[in-house]
Amino acid sequence: MSARSDVVDWALECYHDLDFGVVHGWLEEESGRTAAGYLPVYAPREIIHACGMLPVGIYGGGDQLEIIRGDAFYQSYICHLPRSVVELAQSGRLDFLSAMLFPSTCDVIRNLSGMWQLLFPEQYVRYLDLPHQRNTELGGAFWERELRTLLKDLGEVSGRTATEEDLKRSIGVYREVRHLILELYRVRREEPWLVPTEELYLLMRAAEVVPPETFLEQGRAYLEAVHAEPGRRRDNSRVVIVGAFCEQPPLGLIKTIERAGCYIVDDDFLVGNRLLEQDVPTDGDPVRALADTFIRHASKTSILYEPDPAGKRHLMAERVAAAGADGVIFAAPSFCDPALLDRPMLRAGAEAEGIPCIAFKYSENSGQFQQFREQAGTFSDAIKLWGGT
Amino acid sequence: MTITAGIDVGSGAVKAVVISADGEDHRILSSTASRIRRRDIRSVVEEVFTTAAAGAEIETIDYVATTGEGEDVPFATGHFYGMTTHARGGLFLEPEARAVLDVGALHSRAVLMNEQGKVLSYKMTSQCASGSGQFLENIARYLGVSQAEIGELSLAADDPEKVSSICAVLAETDVINMVSRGISTENILRGIHESMALRFARLLRSIGASGAVLVTGGLASDAGLLAAIQDALDEDDRVAGTLRVAGHPLSIFAGAIGAAIWGAFRYEKTDLGGAAWKATTPTTQASSSAT
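Thresholds, definitions, all that
- Residues numbered from 1 in each chain as written.
- Chains lettered and ligands numbered in written order.
- Predicted model: local features only at pLDDT ≥ 70, side-chain atom pairs only at ≥ 80, totals over all residues.
- Heavy atoms only, no water.
- Contact = heavy atoms within 4.5 Å.
- Buried area = accessible area lost by both parts, 1.4 Å probe.
- Salt bridge = Lys/Arg side-chain N within 4 Å of Asp/Glu carboxyl O.
- Polar contact = N/O pair within 3.5 Å; in protein donor to acceptor, adjacent residues only side chain to side chain.
- Nonpolar A, V, L, I, M, F, W, Y, C, P; charged D, E, K, R; others polar.
- Helix = DSSP H or I, 4+ residues; strand = E, 2+ residues; numbered from the N terminus.
- Expected span 1.5 Å × (residues − 1).
- Buried < 20%, exposed > 50% of the residue type's maximum accessible area, 1.4 Å probe, protein only.
- Disulfide = S-S within 2.5 Å.
- Phe/Tyr/Trp six-rings, centres within 6.5 Å; stacked < 30°, edge-to-face > 60°.
- Lys NZ or Arg CZ within 6 Å of the ring centre and 35° of its normal.
- Core = buried A, V, L, I, M, F, W, Y, C linked by side-chain atoms within 4.5 Å.
- Domains from an automatic or database assignment.
- pLDDT = per-residue confidence, 0-100.
- Bend = angle between axes of the 7 residues up to and from the residue.

**Some words on the interface of chain A and chain B**
Interfaces are often described in size by the accessible area the parts lose on coming together. Between chain A and chain B, the contact holds 16 residues from the first and 34 residues from the second. Area buried by chain A at its contact with chain B is led by Arg 232, Asp 235 and Trp 386 of chain A, which between them contribute 31% of it. Counting every contact that joins chain A to chain B gives 5 salt bridges. A salt bridge links Glu 71 of chain B to Arg 259 of chain A, with the nearest nitrogen and oxygen atoms 3.6 Å apart. Where chain A touches chain B, the interface holds 19 residue pairs in polar contact (both at pLDDT 80 or more). In terms of residue class, the side of chain A that touches chain B is built from 2 nonpolar, 5 polar and 9 charged.

Spelled out as structure tokens, the structure:
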């Protein structure tokens, strides 16, 4: 076993464990510890961490969970994630959570927050209404007030009121996490044969359920190992994956795309972990700093309002240029309103710039990958041999 | 001059070629194929590649290209999708061809291409195995004939017996009934060929093929099947006289040849950091030379 495979195996175990063994392990290490769950896409983990709680990303059961009870809560034309989360909760797998946060990703997740309050009255449940007015006077002031309320409430839930210093320390920890994630993405972008997306993705998933300090340790060990055990460069095309920010694709789909000859050099998987494009300052009021960084430096995604009508049309060209990519694969979950409503605009913008694109839909429990293999394989060939036409 | 290898990992056999490329001048230096049977695919790939490399008597290979199920071949430089490689390989073997019919062990597909080998359209057989080489191989085994004999026996048929073209299970039952009824092996095989040919004719029609069609894949050397396909096309009023079915002694290598040619194209276009394989380098260590 190599250092690299040790880390990947650890991450894979975290990924497969629908009973959240690592979270239970952390909770049992010390009495009185508590955990707060959050749904995709963005939740201020610094606030949760500052209150002594473990932030736990809840992404459903993927392709490992049969949905029985969850289907009773949603119509057939709703995406898979919420029914899968309900299934996890109804089976008792999320009983360890003391709080649950529902960011305003879409109306389905908003409605789930209401259901949660009825289903689990003993849990602290909060709908996080992310501000769409991107100015400090309105959106900034609103978000700052929301964060202060959340900080106070979670302090009461955990029994540990966060001080200003606690929050600054947590901001510092998550700054390191974000730097490490960006470094992993940089290496993957520059030398994708060193960091297969499958492995990077597993690390990102592990980061959603383990303490940030553990992720920093494992992520740094991985980064060191990839340089010690360089993989083989292949003649693949380079693609950006867009639209997979909420309900996550099955691991098999990510593997299929890369096996078919496409290096994924940028993506929006689990984008909440790097939504803030700038460091949160730790001088001054940390709550205000957190709110202000969100308002000023949140990356452009489908979950946030874009006031400039032309903004999203140029987004793909910017991302493709930044990643040195050859094309875009629009991969969105079936029935995902934010991703699918943005897709025509993003795609039109990309194609207007001559960027080759393909598009498909998936579910977190998609089990057949042949059609994706065929699409990605022919896309890669078209890019390599015909410039994408 | 660029030296490249193409490895086509099929579901029934692995095929490899080594070619030299000088601009648009491509020459096959060696070719090797081996049935997988129940062996570990990785060892079959290594064996076939090593044999092809040795047969080519070259020192280095600049680009190792895989196709088919060969995505995970560890020493490959790049992978190309099966349709892309069969189209290019088909064009190399039959420059007049504007369509290929790839008949493999598990699937069959018709591919329409232009004069540069660019895929314009394609259609595959559905999941049912009765349009595949594996089905024909099973039937041959029941009848006690070798694969090499199938074509000649089929051509000698005088009263072909109709076989179900819908389902492999039903077709196998048909064959058992025919044997018990005393139908000759020649007529059974021709009946199966005709049944498969009807499917292939539909595929070719659906992609709008015209002119020469090269049959590639594992059944490309089956003269009985080629004759049955030509007959099926000639008897179809919609395409009669517009399609000429062609074969080639190296048709089974079309995918590997196409991969090798595209590999040469990519090698000349892209800086991949040197040779992919050297004569003294075992395939398992070939990776170090290209990183």
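**Brief notes about helix 9 (residues 212-228) of chain A**
Taking 1.5 Å of rise per residue, 17 residues should cover 24 Å, and helix 9 of chain A covers 24 Å from first to last C-alpha, within 8% of that figure. Along helix 9 of chain A, the positions that sit buried rather than exposed are Pro 212, Phe 215, Leu 216, Gln 218, Gly 219, Tyr 222, Leu 223, Ala 225 and Val 226 of chain A.

**Some thoughts on the state of the cysteines**
All names here are of chain A. Scanning the entire structure with this criterion turns up 0 disulfides over all chains. Cysteine Cys 336 remains unbridged, with the sulfur of Cys 246 as its closest cysteine sulfur at 5.9 Å. Cys 336 gets classed as buried once you look at its relative accessible area, which sits at 7%. Left unpaired, Cys 357 is separated from the closest cysteine sulfur, that of Cys 262, by 13 Å. With relative accessibility at 11%, the residue Cys 357 sits in the buried group.

**Considering unusual backbone geometry**
Put simply, Pro 40 of chain A and Val 41 of chain A share a cis peptide bond, and its omega is 15°. For Val 41 of chain A, the position within the fold is in the loop between strand 1 (34-38) and helix 3 (45-50). Phi angles above zero are rare outside glycine, and Arg 37 of chain B is one such case at about 50°. You can see Arg 37 of chain B is positioned in the loop between strand 3 (25-35) and helix 1 (41-56). Arg 37 of chain B gets classed as exposed once you look at its relative accessible area, which sits at 64%. Although it is not a glycine, Glu 57 of chain B adopts a positive phi angle of roughly 55°. Looking at the secondary structure, you find Glu 57 of chain B in the loop between helix 1 and strand 4 (60-61).

**Focus: the packing of aromatic side chains**
All names here are of chain A. Counted under the stated rule, the structure contains 15 aromatic pairs over all chains. Aromatic side chains Tyr 15 and Tyr 201 sit 6.4 Å apart centroid to centroid with 75° between the ring planes, which places their arrangement in the edge-to-face category. Pair noted here: Tyr 15 is in helix 1 (residues 3-16) and Tyr 201 is in helix 8 (residues 197-207), with a separation of 186 residues, a long-range link. The exposure class assigned to Tyr 15 is buried, which follows from its relative accessible area of 10%. Three or more aromatic residues joined by ring pairs form one cluster here, namely Tyr 15, Tyr 201 and Phe 269. Above the ring of Trp 26, the side-chain terminus of Arg 33 is found at 4.3 Å from the ring centroid.

**A closer look at the nonpolar core**
Judged by nonpolar contacts, the single largest core of 125 residues is most densely connected at Val 56, Trp 116, Phe 215, Phe 294 and Ile 329 of chain A. Take this core: its biggest share by element is 9 residues, from helix 7 (residues 164-190) of chain A. Residues lining this core come from more than one domain, with at least three contributed by each of domain 1 (33-162) and domain 2 (236-298 + 308-389) of chain A. Contacts of Trp 116 of chain A, omitting those with residues within four sequence positions, involve Val 85, Ala 89, Leu 94, Met 100, Phe 102, Pro 121, Gln 123 and Val 125 of chain A. In terms of nonpolar packing, the next biggest core, distinct from the first, is built from 40 residues, Val 163, Met 178, Leu 219 and Ala 232 of chain B among them.

**Examining the domain arrangement of chain A**
Residue and element names in this part refer to chain A. Segmentation of chain A into domains returns domain 1 (33-162) and domain 2 (236-298 + 308-389). Between domain 1 and domain 2, the C-alpha centre-to-centre distance is 24 Å. Both faces combined, the contact of domain 1 with domain 2 buries some 2600 Å², and carbon together with sulfur accounts for 66% of it. Where domain 1 packs against domain 2, one counts 2 salt bridges. Across the salt bridge formed by Arg 148 and Asp 285, the nearest N and O atoms sit 2.4 Å from each other. Seen at the junction of domain 1 and domain 2, the total is 11 residue pairs in polar contact (both at pLDDT 80 or more). Elements with a contribution of two residues or more to the side of domain 1 that touches domain 2: helix 3, helix 4 (80-90) and helix 6 (136-158). The element contributing the most residues to the side of domain 1 that touches domain 2 is helix 6, with 8 residues.

**Comments concerning the pattern of salt bridges**
On inspection of all chains with the given rule, the structure shows 46 salt bridges over all chains. Ionic pairing is found between Arg 42 of chain B and Asp 40 of chain B, a salt bridge with its closest N-O pair at 3.8 Å. Since its relative accessible area comes to 62%, Arg 42 of chain B is described here as exposed. A network of salt bridges, in which partner residues are shared, links Arg 259 and Arg 373 of chain A together with Glu 69, Glu 71 and Asp 72 of chain B.

**What to know about the confidence of the model for chain B**
Residue and element names in this part refer to chain B. Mean pLDDT over chain B: 89, with 92% of residues reaching 70 or higher. Ranking the elements of chain B by mean pLDDT puts helix 5 (residues 168-180) last, at 82, and strand 1 (residues 2-9) first, at 97. Here the predicted complex carries an ipTM of 0.86, next to a pTM of 0.90.

**Focus on helix 13 (residues 337-352) of chain A**
Residue and element names in this part refer to chain A. Between its first and last C-alpha atoms helix 13 spans 23 Å; for 16 residues at 1.5 Å apiece the expected length is 22 Å, and the two agree. Approximately 40° is the largest bend angle found in helix 13, and it occurs at Arg 343, with the proline Pro 344 only one to four residues beyond. The positive-phi residue at the C-terminal boundary of helix 13 is Gly 354, with phi of around 75°.

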